[in-house]
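Per-entry structural report
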Amino acid sequence: MDASLRSRVEQLATEFASEATTVEDLNQLMRLMMKSGLERMLDTEMDVHLGRRSAPEALTPTETEPGSPPSEKKGSPNRRNGRSRKTVQGDVGEVTLSTPRDRDGTFEPQIVGKHQRRVPGFDEKILALYAKGMTTRDIQDILRDLYGVDVSATLISEITADLDAEVTAWRTRPLDPVWPIVYFDGIVVHVRGANGRVSQHTIYVALGVNLEGKKELLGLWLSENEGAKFWLACLTDLKNRGLSDIFVACIDGLSGFPEAIRAAYPQTSVQLCIVHLVRAALRYVSHEDSKQVTRDLKNIYQAATVIEAEQALDEFAQAWDASYPTIAKQWRAKWSDIITLFDFPAPIRKAIYTTNAIESVNSVIRKFTRNRKIYPHEASALKLVYMAISEASRKWTKPIHHWKQALNHFAIMYEGRMPQLTSK
């Protein structure tokens, strides 16, 4: 860009800045500034290519302007050969650039490559909108309204398609060998199959708490059916990726999981989520009795010892079996997987007997997926959930409550299985 043109651009920018009253006015100003900046950088790249400069650097008042004939590298006939026009998508709309050419055709610009049609930052905007659970149509509408850009569904698909390799790499990444607590749960989504039929699928989530007490999503799996065979495949996947030991596995009554966990990790303790057990019990209870039943169940899982919990369960049965015989019967059937929490001191029991940690993850997933009534295929569902979790995990910076106390207890209780910790 010669001096007169750049001066004109700067003049127009000043005028726009003083007169801009709408978002589109500001976008137009930003497009002018982006065009000016990118073309100056492209000219500087050409200078470097032709030997005028050893590296991209700011123009000084004594230097020749980029648009003027360059001093050729000694012995080289290569020189500028006019310009070509190309339109690229930017964060604030389409920008038409005047790209310098060289006679030999060997110039390979880096700031905006030869076949590049989107400037840095544009893809990130689309991915951010996609991560928020917005559909292709939603993204098209927002980009049109805010930036005046008509982006095709194909372009959006191309940008998000790059996520497939990232998701695959993430789902197959190696894991640390020991995770003290792992929560397992699932969330239902609707997926269109190869035959065009829409069916309910469940995305199963494994959320681990590492030795530092911080949460990390370990795996995602998608299936139409759950059961011991499916869960064993999920656990085998975790083992193949290096997870060799889990101290406590917290679940919400997933069908077939206790059997699968004992097959894959025979030393692992299973803890059923008390919150889910109470919710399941209240399905049998009238509205008038629900508060008292809840209080009596609380006496069981908040008891000081296993013996006191057993006594509280007997008292519950005596009080309620006549009206609701199913509740005590179901708790007794699952008793061995309910009382794991009593192996730990009171302050850290709550972290073990509720799956609140993974429930918060599921709420994030629901928030990001509520705009998607139907997924076109399984890969798209996993891709969006991965992005939702990536967004949410940015806030997982602190250990869970009472972690130091829990870690000391794990070190004693699981002596020989706890790895040696090193201070950082």
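The structure contained in this document is the topic of the report that follows.

Parameters and conventions
Here the residue index of a chain counts from 1 through its sequence in written order. Reporting of local features is limited, given that this is a predicted model, to residues whose pLDDT is at least 70; pairs of side-chain atoms are given and counted only at 80 or more, and all residues count toward the totals for whole chains, interfaces and linings. Side-chain metrics rest on all non-hydrogen atoms present in the structure, leaving aside hydrogens and water. Helical segments are the DSSP runs of H or I of at least four residues, strand segments are the runs of E of at least two, and each set is numbered from the N terminus. Each residue's exposure class comes from its accessible area (1.4 Å probe, protein chains only) as a fraction of the maximum for that residue type: buried when under 20%, exposed when over 50%, partly exposed otherwise. By definition in these notes, contact holds between two residues if any of their heavy atoms fall within 4.5 Å. Surface accessibility follows the Shrake-Rupley procedure with a 1.4 Å probe radius. Residue values consider only the protein chains on display as shielding. By convention, a stacked pair of Phe, Tyr or Trp rings (six-membered ring in the case of Trp) has centres within 6.5 Å and planes under 30 degrees apart, an edge-to-face pair has planes over 60 apart, and any other such pair is tilted. Two limits define a charge over a ring: the Lys NZ or Arg CZ must be within 6 Å of the ring centre, and within 35 degrees of the ring normal. Simply put, an axis is a line fit to the C-alpha atoms, just over the touching stretch for a helix, and the angle between two N-to-C directions goes from 0 to 180 degrees. Handedness of a crossing follows from how the near helix is turned relative to the far one, being left-handed for an anticlockwise turn of less than a right angle and right-handed for a clockwise one. When residues are sorted by character, Ala, Val, Leu, Ile, Met, Phe, Trp, Tyr, Cys and Pro go into the nonpolar class, Asp, Glu, Lys and Arg into the charged class, and all the rest, Gly among them, into the polar class. A side-chain nitrogen of Lys or Arg and a carboxyl oxygen of Asp or Glu constitute a salt bridge if their distance falls within 4 Å.

1. Regarding the overall build of the protein chain
Scanning the protein chain from N- to C-terminus turns up 17 helices and 7 strands. The buried share of the protein chain, taken over its 424 residues, is 45%. At a minimum sequence separation of 6, the contacts of the protein chain that also span at least 24 residues come to 63%. In the form shown here, the protein chain has an accessible surface area of approximately 22,200 Å², with 52% of it arising from carbon and sulfur atoms.

2. Section: the packing of aromatic side chains
According to the stated counting rule, one finds 13 aromatic pairs in the structure shown. Plain terms: the ring middles of Trp170 and Tyr386 are 5.4 Å apart, the flat faces sit at 55 degrees to each other, and that makes the pair tilted. Taken together, the positions of Trp170 in helix H6 (residues 163-171) and Tyr386 in helix H16 (residues 378-392) put the pair 216 residues apart, joining distant regions of the chain. Summarising the burial analysis for this pair, Trp170 and Tyr386 share the class buried. Both rings, one in Tyr204 and one in Trp231, keep their centres 5.1 Å apart while their planes meet at 75 degrees; by these two values the pair is edge-to-face. Placement of the pair is Tyr204 in strand S4 (residues 198-209) and Trp231 in helix H7 (residues 228-240), with a sequence separation of 27 residues. Taken together, Phe184, Tyr204, Phe230, Trp231 and Phe257 form an aromatic cluster joined through their ring pairs. The ring of Tyr265 has Lys239 lying over it, and the distance from NZ or CZ to the ring centre is 5.3 Å.

3. Concerning the packing of helix H9 (residues 274-282) against helix H10 (residues 290-301)
Following both chains from N to C, one finds H9 and H10 inclined at 145 degrees, their axes separated by 11 Å at the closest point. For H9 against H10, the interelement crossing comes out right-handed. Contacts between H9 and H10 involve Ile274, Val278, Ala281 and Leu282 from the former and Ser290, Val293, Thr294, Leu297 and Tyr301 from the latter. By residue class, the composition of the contact of H9 with H10 is 7 nonpolar, 2 polar and no charged.

4. Let's talk about the pattern of salt bridges
Across all of its chains, the model carries 8 salt bridges by this definition. One salt bridge in this structure joins Asp43 and Arg83, with 2.8 Å as the shortest N-O distance. Placement of the pair is Asp43 in helix H2 (residues 23-50) and Arg83 in strand S1 (residues 80-90), with a sequence separation of 40 residues. Asp43 sits in the buried class, given a relative accessible area of 0%.

5. Overview of the environment of Lys383
Residue position: Lys383 is located in helix H16. Distance from Lys383 to Val167, taken between C-alpha atoms, is 6.5 Å for residues 216 residues apart in sequence.

Treat this as a map of the structure, not an account of what it does.
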